[in-house]
Structure formats: structure tokens, C-alpha cells
Amino acid sequence: MALRGAVGDAFRLAPARPAIALGLRTALASMVPAVLAYNGYPAAIFAVTAGFLAAATDKGGAYRTRARTLFGLALTSTLALALGSALGERTVASTIAATLVVLVWGVVFGMAPAYSDEAASVSSSSTTVLLVGLAFPTTDLAALETRVGWMVAGFAWAAVLTLGLWTVRVYEPARRAVATAFESLADYTGRLIAAEPHQAGSRPSSWGDDLQAEHRTLRDTIEVARRVLAATRRGRRGEAGRGARLLALVEVVERAFPLLIAITDLAGAGDPSLPSGEQLQQDLARVQTRLRQVASVVRTEGRTAPELARASLVPPASEEQLSSLLSQLARLVEIAMRIAVSMYDDTPIQELDLPPGGLTTVEGEAVGTPPRRGLFEPIQQNLSTRSLIFRHAARLGITLALAVALVHAFDVRRGYWVTLTVSLLLQPHAPAAFTKILQRVGGTVCGGIIASLVATYVHARLLKLAIVTAFAATSTAVLQINYGLFSMFLTPTFVLLAEMGVDDPTLARVRITNTILGAVLALASTLLLWPSWERDRLPDTLAAAIEALAAYVRQIGTIPSGPEILGQVIPARRALGLALNNADASLTRHLNELSSSPQTAAGWMTLVTYSRRMGSALSAWASLRTLPDPPLSREQAAELSTRLGDELTEIAASLRARRPLHVPEVQPQPLSSSPARPRPGLDPSSERLTQMAFALAHAASRALGPSAPASITAPAEGSAAAEL
């Protein structure tokens with residue numbers, strides 16, 4: 001099953017467009033130095049490496065983060081080049097020294113993912129430079145200074161190209177991220193419209209399941225907006241201009257998200273007292289249009305603001321639950337439009353009609369910035385053999401050291417292609433490594449064939465350089481689509497560049513052979529050195545998600561009802577969304593493992609699905625508690641949330657202990673005290689949430705293995721759990 005999953009992932013194309021601008025920029029950053037390298041300045045080849053790595057590493061985002069990343073890359077790569085060049089001689093002493101340096105470097109820089117994605121990218125690129133330096137040693141101090149000078153020049157050229165030649169608008173990355181969040185909300189609303197039947201009561205029991213799959217994407221989009229905005233605003237605390245307004249827009253997205261989930265959940269109940277399917281579609285279509293208009297104002301810097309701001313969204317007037325939630329959603333979207341327009345017409349933020357609670361939840365740490373950590377705190381937190389990051393760092397250092405020792409001992413021709421392959425293919429998770437190995441080997445073989453054909457039939461240097469430039473641009477442009485495609489175009493890029501320096505038609509074959517050798521080393525290391533199998537991590541990851549469910553339900557039940565509740569539960573809902581996304585990712589990795597049987601996988605998939613459904617139901621309950629007359633009194637809500645929280649905590653504990661729960665034959669009553677007041681529509685705060693907790697316990701027991709109770713009473717027909 002692992003092989004089938006890895007092969008399928010290797011050929012799967014991501015639903016993304018080629019990054020043409022990034023490809024052209026990368027080609028320009030690397031090929032301008034290449035022209036110098038083949039016209040009398042051979043050391044400029046190190047500027048080619050620097051330009052390619054810098055341009056490929058810069059994925060956009062806040063300018064402060066990009067500048068810091070490029071500076072860190074230049075600093076660490078310069079150090080790596082100096083070390084590698086000095087230790088690359090093929091003597092016994094140099095080989096021992098190089099092996100030890102690579103071992104320490106791999107372990108230390110392998111810990112970089114504990115800090116951030118940018119740090120991990122810098123670590124990978126600087127390790128590449130270290131391995132290249134080892135492949136081209138020099139003991140001449142003047143030559144070493146020349147290399148370092150060209151590498152610094154390459155990074156400087158890339159920095160000018162990526163940060164200087166294009167107009168720098170400090171908040172542009174943040175605006176794009178926030179606009180994308182609103183567009184994602186609009187896309188979700190559109191899918192809800194498409195899923196909504198025209199006739200009320202005609203919804204199947206599985207109605208809305210496909211929409212739940214979109215929650216992960218939407219949460220990820222919101223998190224990207226948070227990170228980019230936090231990095232942009234760092235150092236600008238206290239300003240009440242564009243940054244504060246963008247933060248307010250993030251809060252609107254955070255508040256609108258659970259309202260849409262609640263509307264999905266309530267519409268799925270099919271209560272005849274709620275608006276008809278056709279009326280709901282019309283109301284949601286107006287909301288979707290307005291969400292796209294807000295995104296347009298934010299993305300275009302207000303150029304569309306005057307026309308769009310004049311058109312207001314009229315909320316539904318019905319007093320039913322669903323229409324009331326639609327009214328809240330419509331008001332939020334109008335608030336978002338006023339905030340967006342105010343960024344460009346200088347309206348003081350104090351004069352805006354903001355959500356209840358104002359900006360209290362967006363000016364602090366909850367929305368924008370993660371808490372600062374000490375310099376060595378991430379390392380201290382991961383300095384354990386139980387840490388996935390530490391095990392990967394140790395595996396990386398040991399395998400790279402072994403590869404360097406073997407390349408030096410056997411004097412492997414172009415041996416850096418072996419060590420680079422090892423560095424690029426090793427992954428923290430075994431299934432991801434399997435997929436990347438297949439992609440790298442397959443792409444390199446295809447790229448080697450392309451390089452051989454070009455070398456055979458194209459002899460004019462200028463034409464060959466133009467072809468190499470096209471390959472360099474294409475490789476970076478398709479990286480986000482498929483790593484195998486990236487490897488296929490990257491291979492002829494550097495094979496042909498190397499051939500232009502020395503006329504050797506066998507380099508393509510050498511590249512293929514060395515890539516396969518490196519892939520074999522990476523595969524052996526992945527299987528033998530502390531392999532990180534998801535089967536061992538999945539129960540704990542799911543336990544964390546269910547613990548987040550427990551924290552969320554407790555907070556919803558203890559906060560007084562009212563419009564402010566949606567703002568107050570943002571941190572708990574965000575933590576739940578991230579935990580559920582982690583569970584989804586963990587399950588996906590588990591499905592590609594050798595040990596994943598269909599029976600076990602089905603149990604874990606059911607548990608993840610039920611966890612997401614309960615999260616949606618809790619968001620619906622939180623939204624209902626914003627109404628003037630919520631379904632449950634404060635005392636009833638507190639009692640329900642306490643009981644559900646205790647049950648969820650018990651389920652999480654059973655997952656961590658790998659011990660199936662005993663699911664009772666008779667399900668508990670929704671509430672032990674007075675029943676909820678009758679109310680039109682679905683009351684998710686008692687019967688449905690209770691049934692969902694039972695379904696979660698049942699799913700956890702099945703997922704943990706055959707020791708679960710043999711006889712478990714199924715929910716009554718027509719109950720919420722039966723519809724799960």
C-alpha cells in the first residue's frame with residue numbers, strides 16, 4: 001500500500017498554476033552570472049549558484065521576512081562555501097575533517113524547522129553550498145576570496161532583483177493574503193450555494209460532508225494571512241493605519257467562518273420552519289458577491305472602492321435561526337467593506353462601526369503575532385529522541401557524513417551529485433521520503449535524457465545558454481506543481497552548464513548514476529535510522545485534536561451568550577482548526593505507510609471525519625449563542641459543555657494510552673437537569689452534540705483495534721449520530 005501511495009503521489013499534479021514570474025526571476029538571477037562565467041570569469045559559477053538559490057528560496061510574503069531570509073541565506077552560505085572549499089581535498093585528514101564538519105552541520109542545521117519554514121529553507125540551501133564547496137576544494141587563499149566574493153555578488157544581485165527592482169509596497173503581501181482569505185470565504189459560500197437543494201427537506205443525511213473538507217483549506221488560508229500580517233507589522237506596534245485595518249479584516253474572517261459553518265450545519269437539518277432552499281441560495285449569493293467585492297477592494301488598493309462601497313447588502317428580515325445568522329453574516333460583510341474602504345479614504349478607525357468588542361481581539365497577540373521565543377528555546381523543546389525534528393536532524397547529519405566519506409574514499413566522479421541527492425531527499429516523515437525519492441530519480445532520468453539530446457544536437461554556445469535559461473525558468477515555475485517535473489528541468493540546467501565548462505558528453509549519465517546512488521542511501525537511511533512512522537504518532541495527533549474539541553466546548557459553554565461570543569472563542573476555535581489540520585495531515589501520511597491496512601485506516605478516517613463534524617457542530621452552537629434567545633440557558637449550556645468536555649477528555653486519554661474505551665450500552669440523556677426550551681429548527685446543543693460524543697467514542701474504540709467491545713448499541717434511527 002505504501003508503494004502504491006508513493007507512486008500515486010509522485011505522479012500527482014498539484015492544482016496550481018506555473019509560477020511564471022518566479023521562474024523568470026530565477027532564470028534572470030542565475031543566468032546573468034552564467035554569461036560572465038563562460039566569458040572569462042569562471043569563478044562566477046558560484047554567483048550562478050547563489051542567484052539560483054536566493055531567487056528560488058524567496059517565495060514572497062512580508063518584505064521584512066524576505067529580507068531577513070535572504071540575509072541569513074547569504075551569511076550561512078558564505079560560511080559554508082569557505083568551509084567546504086578548505087576541507088574538500090581528497091587526503092585522509094581532509095576526509096576525516098570534512099566528514100565531521102558535515103555531521104555537525106547536518107545535525108545543527110537540521111534543527112532549523114523548529115524555528116520556521118524560512119529557517120528550514122535557509123538550512124537546506126546553505127547545506128547545498130557546503131556540499132558544492134567540498135566538491136571543488138582549493139588551498140589558495142586568493143582563489144577562496146574570489147569564490148566568496150562572487151557568491152556574495154550573486155546574493156547581492158538576487159536581492160536587488162527580488163527586493164529592489166520591483167516597487168516595494170510594505171503591506172502588499174499582507175493585503176494579498178487578507179484578500180485571499182475573503183476569496184476563500186466566497187468560494188466556500190459558492191460551494192454551499194451549489195450544494196443547497198432548491199426544495200427544503202430534500203437534503204440527504206450526508207449533506208454538507210464535502211463542504212467540511214473545505215474547512216482545512218480555509219483555516220490554512222487564514223493562518224497564512226496571520227503570519228504574513230504579523231511579520232509585516234512587527235516593529236510597527238501601536239500604529240492605527242493600514243495594518244490595524246487589515247487586522248480588523250482578519251477578525252471579520254474569523255467571525256464569519258463559524259457563521260458559515262453554522263449555516264451549513266442548520267441547513268443540513270432540513271427543518272421546514274427555516275427558509276426554503278431557493279431563498280437561502282439567493283441570500284447566500286448576495287453574501288458571496290459582497291465577499292468578492294471586499295477582496296477586490298483590499299487587493300486593488302481601493303481602486304474599486306467608490307463604486308462598491310455605495311452598494312449595501314440588505315440582510316434577511318426573518319426571525320428564524322438561520323435567517324438571524326444570515327443577518328449577522330451580512331452585517332459582518334458590510335463591516336468588512338467599511339474597513340476595507342477606510343484604508344484608502346483616511347476614515348479614522350474609531351469612526352467605523354466595528355463588530356461588538358471593537359478591536360480588542362485584533363490589537364493583541366490573539367490574531368497577529370505568535371508569542372516570541374528565546375533564541376535556543378525551539379532547540380531545547382526538540383532536544384529529545386522523541387522529537388521528530390531531532391531524529392530527522394540526526395539522520396541527516398549521519399547520512400550526509402557517510403555519503404561524503406564514501407565519495408571521498410572511492411573518489412566518485414562528480415560526487416557532489418550523490419551528496420546533494422541525499423540532502424534533498426531525506427524527509428522527517430518516511431512516506432514523504434518515498435514519494436520524493438521516486439520523483440527525484442524519475443525526474444533526473446528524464447532530465448538526463450533531455451540533456452543528452454541537447455548536448456548531441458546543439459553546439460552553438462549562445463543557443464545552448466538560451467536553452468539552459470529556459471530550463472532554469474521552467475524548473476522553478478513548476479516546482480509547486482510537482483517535484484518530479486522540477487527535477488526533470490533542473491537536471492539539464494546544471495548538466496548543460498557543467499558541460500559548457502568542460503566538453504564531456506557523459507555528464508548526463510554520471511548525473512543519473514549518482515542520483516540513483518544518493519537515492520539508495522537516502523532510502524536506506526529512512527528505513528534504518530529512527531524511521532518516523534505515522535502509525536506511532538497518529539493516535540497522539542488525534543488525541544490533541546479531541547483535546548482541542550474539549551477546550552472549545554468548555555469555552556463556548558462558560559462564556560455568557562451574546563454577539564461578543566464569536567470574538568471571544570477565536571483562540572480556541574483557531575487551536576481546534578490547526579489541530580484538526582494536523583490530524584488530517586497525519587492521517588494522509590499514515591495511509592501511505594507499509595503498515596496501513598484497510599481496516600485500520602477506515603477506523604482512523606472515521607475518527608477524523610467525526611472530529612471535524614463535531615467541530616462544525618460546536619461552531620454552529622457558538623453562533624446560536626449569539627442570538628437574543630439562545631436554545632439553552634446559561635446554566636444548561638455550562639452543564640452541557642462540562643459533561644461533553646469530560647467525555648472528550650476521556651476519549652483523548654484513551655487514544656494516548658492506546659486503550660479502547662468501554663462504550664456504554666445505553667447512551668446518556670442530553671441533559672441531566674431541566675430540558676432545553678423548545679425552539680424551531682435544530683437544537684445542536686443537546687441531542688446532536690451528545691450523540692456526536694458517543695459516535696467519537698465508538699470510532700476511537702474501533703480505531704484502536706480488535707480489543708474494543710464486541711457489542712455496542714447503535715444510535716436510534718433518525719438520531720443525529722445515525723446520520724453521521
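This text goes with the structure placed above it.
Presented here is an overview of the structure given in this document. (Residues numbered from 1 in each chain as written. Predicted model: local features only at pLDDT ≥ 70, side-chain atom pairs only at ≥ 80, totals over all residues. Heavy atoms only, no water.)

Helices and strands together make up the secondary structure of the protein chain, namely 27 helices and zero strands. Across the protein chain, the fraction of contacts at a sequence separation of at least 24, relative to all contacts at a separation of at least 6, is 81%. With an accessible surface of roughly 30,000 Å², the protein chain has 62% of that area assigned to carbon and sulfur atoms. (Helix = DSSP H or I, 4+ residues; strand = E, 2+ residues; numbered from the N terminus. Contact = heavy atoms within 4.5 Å. Areas by Shrake-Rupley, 256 points an atom, 1.4 Å probe, with all protein chains shown as cover.)

Moving on: the pattern of salt bridges. For the structure shown, the criterion picks out 19 salt bridges. Note that Arg 573 and Glu 254 form a salt bridge whose closest N and O atoms lie 3.4 Å from each other. With Arg 573 in helix α23 (residues 570-591) and Glu 254 in helix α10 (residues 242-269), the pair connects residues that are 319 residues apart, well separated along the chain. Glu 254 sits in the buried class, given a relative accessible area of 0%. Each of Arg 219, Glu 223, Arg 226, Glu 254, Arg 573 and Arg 574 takes part in a single network of salt bridges with overlapping partners. (Salt bridge = Lys/Arg side-chain N within 4 Å of Asp/Glu carboxyl O. Buried < 20%, exposed > 50% of the residue type's maximum accessible area, 1.4 Å probe, protein only.)

Residues Phe 182, Leu 246, Leu 249 and Leu 329 are the most contacted members of the largest nonpolar core, which totals 55 residues. For this core, the secondary structure elements donating two or more residues are α8 (172-195), α9 (209-233), α10, α11 (277-299), α13 (321-345) and α24 (598-624). Excluding anything up to four places from it in sequence, Leu 246 contacts Tyr 171, Ala 174, Arg 175, Val 178, Leu 229, Val 298 and Met 343. (Core = buried A, V, L, I, M, F, W, Y, C linked by side-chain atoms within 4.5 Å.)

Let's shift gears to helix α15 (residues 388-409). Taking 1.5 Å of rise per residue, 22 residues should cover 32 Å, and α15 covers 31 Å from first to last C-alpha, within 8% of that figure. Where α15 starts, the residue carrying a side-chain oxygen 3.3 Å from the main-chain nitrogen of Ile 389 turns out to be Ser 387. Looking one or two residues past α15, Asp 411 carries a phi angle of roughly 50 degrees, positive in sign. (Expected span 1.5 Å × (residues − 1). Polar contact = N/O pair within 3.5 Å; in protein donor to acceptor, adjacent residues only side chain to side chain.)

Geometric values such as these leave the question of function open.
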